[in-house]
Amino acid sequence: MKIGLFGGSFNPIHSTHLDVALGVRKRLGLDKVLFVPAGNPYHKEQGEMLPAGLRYELVEKAVHGCEGLDVSDIDISAEGPTYTIDTLREAARRYPEDELYFIMGQDSFEDFTTWKDWQDIPKMGNIVAVSRAEADHGEMAQELKRIFSGLQKSGENVWTVPYGKSFYIIGDFDFVISSTQVREEWKKGAEFSALVPEAVAECLTEHESELIKFWHGQLRSPNREL
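One numbering rule holds for all chains: residues counted from 1, following each sequence as written. A pLDDT threshold of at least 70 governs which residues receive local features in this predicted model, and a stricter bar of 80 or more applies before side-chain atom pairs are shown or counted, although totals over entire chains, interfaces and linings include all residues. Each side-chain value is derived from all of the structure's non-hydrogen atoms; neither hydrogens nor water enter the calculation.

J.: Got a minute to help me understand the packing of aromatic side chains in this structure?
T.: What describes a pair of aromatic rings is the distance from one ring centre to the other and the angle between the planes of the rings. Only centres within 6.5 Å qualify two rings of Phe, Tyr or Trp (six-membered ring in Trp) as a pair; their planes then separate them into stacked at under 30 degrees, edge-to-face at over 60, and tilted for everything else. Considering all chains together, one arrives at 12 aromatic pairs under this definition. Three or more aromatic residues joined by ring pairs make a cluster, and in this case those are Phe-102, Phe-109, Phe-112, Trp-115, Trp-118, Phe-148 and Phe-167. Here Lys-116 stacks its cationic end above the ring of Tyr-83, 4.9 Å away from the centre of that ring. Counting as a charge over the ring demands two things of the Lys NZ or Arg CZ atom: a distance within 6 Å of the ring centre and an angle within 35 degrees of the ring normal.

The structure is reproduced here in structure tokens:
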């Protein structure tokens, strides 16, 4: 099978995450896409990071009933900081007969060379980089050529790295929602249900007291008092 691995903090998961996963699955003919919520992402500030268990629960609710989408505990169950290279190694252990596709956003791609053992990541699986809305994904292609020597173009916005895996750049998806946007709307007491799947909105409402602790920070508003 062809399995997509969509890693991220998902703090919280929102509707654009689902749109991207479904879009990549269709575009590349993947059998399924697994959301992989980070347990303890080494590069993220922890102040506003919801507990791993709650973020995992939110993803479970978001993908319920979505054909071809599921959630994996590869990172949630790991001890200590989570790194993409270790995620892929564990995925290869769990799915030894399957072809892996690691899905990342443009922000992650721009930091790619700072990741642990980044040169080895394309050896473990294909890489799918999805650009931001209205971004110049041609710049992503130029950066890809800069950091990987010996690339061979094998299709439109597809390159093969010397050790056999492929790197895909998808530049026509529309990133219109961010997790930061969801958090800020919630803090203000504004309506945020249009930004997330219905089941996620309901779960966020159920966990309001927990959200106040993690998302409020220094911002006080009439609707979200500590």
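From this point on, the discussion continues.
J.: It is not clear to me how the packing of helix α2 (residues 52-63) against helix α8 (residues 198-206) should be interpreted in this structure. Could you clarify?
T.: Packed helices, taken two at a time, are described by the angle their axes make and the gap between the axes. In contact at an axis separation of 7 Å, α2 and α8 are set at 150° when each is read in the N-to-C sense. Both α2 and α8 take part in a crossing whose hand is right-handed. The segment α2 lies against α8, with Leu-54, Glu-57, Leu-58, Lys-61 and Ala-62 engaging Ala-199, Val-200, Cys-203 and Leu-204. Note on definitions: angles span 0 to 180 degrees between N-to-C directions of axes, and those axes are lines fitted to C-alpha atoms, for helices only across the stretch in contact. What counts as a helix is a DSSP run of H or I of at least four residues, what counts as a strand is a run of E of at least two, and both are numbered from the N terminus. For any pair of crossing helices, the crossing counts as left-handed if the nearer helix is rotated counterclockwise from the farther one by less than a right angle, and right-handed if it is rotated clockwise. Any two residues having at least one pair of non-hydrogen atoms within 4.5 Å are treated as being in contact.

J.: Sorry, what's going on with the nonpolar core here?
T.: Nonpolar side chains in soluble globular proteins tend to end up buried together. Residues Phe-6, Ile-13, Val-24, Phe-35, Leu-58, Val-128 and Val-130 are the most contacted members of the largest nonpolar core, which totals 42 residues. Sorting elements by how many residues they give to this core places α2 first, with 6 residues. Not counting residues within four places of it along the chain, the set of residues in contact with Val-128 comprises Val-24, Leu-28, Tyr-101, Phe-102, Ile-103, Met-104, Tyr-168 and Ile-170. With 29 residues, the next largest nonpolar core counts Ile-127, Phe-148, Leu-151 and Val-161 among its residues. By nonpolar core is meant a set of buried Ala, Val, Leu, Ile, Met, Phe, Trp, Tyr and Cys residues that side-chain atoms within 4.5 Å join together. Exposure is judged per residue with a 1.4 Å probe applied to protein chains only, and the accessible area is read against the type maximum: over 50% gives exposed, under 20% gives buried, and values in between give partly exposed.

J.: I tried to follow helix α7 (residues 179-187) on my own but got confused; where do I start?
T.: What α7 keeps buried is the set Ser-179, Val-182, Arg-183, Glu-185, Trp-186 and Lys-187. In this structure, the buried residues of α7 make contact with α1 (15-28) and α9 (208-215).

J.: Explanation requested: the pairing of strand β8 (residues 166-170) in the structure shown.
T.: For a regular strand, the rule is simple: side chains alternate between the two faces of the sheet. Most of β8 sits inside the fold, with 5 of its 5 residues counted as buried. Neither face of β8 is left uncovered, since the one carrying Ser-166, Tyr-168 and Ile-170 and the one carrying Phe-167 and Ile-169 both have all their residues buried. Relative to β8, strand β7 (residues 158-160) runs antiparallel, the two being bridged by 3 bridges. Its bridge partner being in β8, Val-158 is matched across the sheet by Tyr-168. A pair of strands is treated as paired once DSSP finds two or more bridges between them. Linking β7 back to β8 in an antiparallel pair, the connection comprises 5 residues, with Gly-164 at a positive phi of about 110°.

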